[in-house]
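# Architecture and fold: a report
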Amino acid sequence: QVQLVESGGGLVQAGGSLRLSCAVSGGTFISTYAMGWFRQVPGKEREFVAAINWSGRSTYYADSVKGRFTIFRDNAKNTMYLQMLSVKPEDTAVYYCTATPSQRPIQTLRAPAFNFWGQGTQVTVSS
């Protein structure tokens, strides 16, 4: 069914920028899916980063990244992005792309609500 593939991760210096991409395939109605990003570090639970509704007109961010990260999507290209600015060492983690057909407000969505997940892409921020 729906497949998500992340890319764009890598090593970046603190204060720098990075853009993650999530390519979506296997579905015709991808534009109807809410999407988001989570991240996880060893020994810690996965953490919500950002979410975006089906049209891209509504976004929601974790306090830890608010003002620094931007989530956006291009449904025509079946791709969703996370623009990371002013990155910090604390941003180091494996970042996962996710999607759900849920029509609930994105602010109410939690990890269990997202049906599809990518394999993750490593982001490492050096100090």
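The coordinates are above.
Below, the structure is looked at part by part. (Residues numbered from 1 in each chain as written. Predicted model: local features only at pLDDT ≥ 70, side-chain atom pairs only at ≥ 80, totals over all residues. Heavy atoms only, no water.)

The helix and strand tally for the protein stands at 0 helices and 11 strands. Ordered by position from N to C terminus, the α and β elements of the protein give β-β-β-β-β-β-β-β-β-β-β. For the protein, the C-alpha radius of gyration of 14 Å lies close to 14 Å, the compact-globule estimate for 127 residues. Scored against the burial criterion, the 127 residues of the protein give a buried share of 42%. Of all intrachain contacts in the protein linking residues separated by at least 6 positions in sequence, the fraction that spans at least 24 positions is 57%. (Helix = DSSP H or I, 4+ residues; strand = E, 2+ residues; numbered from the N terminus. Rg over C-alpha atoms; globule rule 2.2 N^0.38 Å. Buried < 20%, exposed > 50% of the residue type's maximum accessible area, 1.4 Å probe, protein only. Contact = heavy atoms within 4.5 Å.)

Looking at where Trp-54 falls in the secondary structure, it is placed in the loop between strand E5 (47-52) and strand E6 (59-61). The contacts of Trp-54, once residues within four sequence positions are left out, are Ser-31, Thr-32, Tyr-33, Ala-34, Arg-73 and Asn-75.

A word on the sheet that holds strand E1 (residues 3-7). Pairing is antiparallel in the open sheet, where 4 strands are placed in the order E1-E3-E8-E7. Strands with a single pairing partner mark the edges of an open sheet, and in this sheet they are E1 and strand E7 (69-74). The mean angle between the axes of side-by-side strands here comes to 15°, regardless of whether they run parallel or antiparallel. Looking at chain direction, E1 and strand E3 (residues 18-25) are connected through 5 bridges and run antiparallel. Directly across from Leu-4, in E3, lies its bridge partner Val-24. (Pairing = 2+ DSSP bridges. Axes fitted to C-alpha atoms, helices over the stretch in contact; angles between N-to-C directions.)

As a further point, take the pattern of salt bridges. Taken as a whole, this structure holds 4 salt bridges when the rule is applied. In this structure, Arg-39 engages Asp-91 in a salt bridge whose closest nitrogen and oxygen atoms are separated by 2.9 Å. One end of the pair, Arg-39, is in strand E4 (residues 34-40); the other, Asp-91, is in the loop between strand E8 (79-84) and strand E9 (93-100), and 52 residues separate them in sequence. In this structure Arg-39 comes out as buried when scored by relative accessible area, which is 5%. For Asp-91, a relative accessible area of 1% gives the class buried. (Salt bridge = Lys/Arg side-chain N within 4 Å of Asp/Glu carboxyl O.)

This paragraph deals with the state of the cysteines. Should the sulfur atoms of two cysteines be covalently bonded, the bond is a disulfide. A complete count under the given rule lists 1 disulfide for this structure. The partner cysteine of Cys-22 in its disulfide is Cys-97, sulfur to sulfur 1.9 Å. As the torsion about the S-S bond is roughly -75°, the Cys-22-Cys-97 disulfide counts as left-handed. Note that Cys-22 is positioned in strand E3 and Cys-97 in strand E9, a separation of 75 residues in sequence. With relative accessibility at 0%, the residue Cys-22 sits in the buried group. (Disulfide = S-S within 2.5 Å.)

Take it as geometry only, folks, not as evidence of what the structure does.
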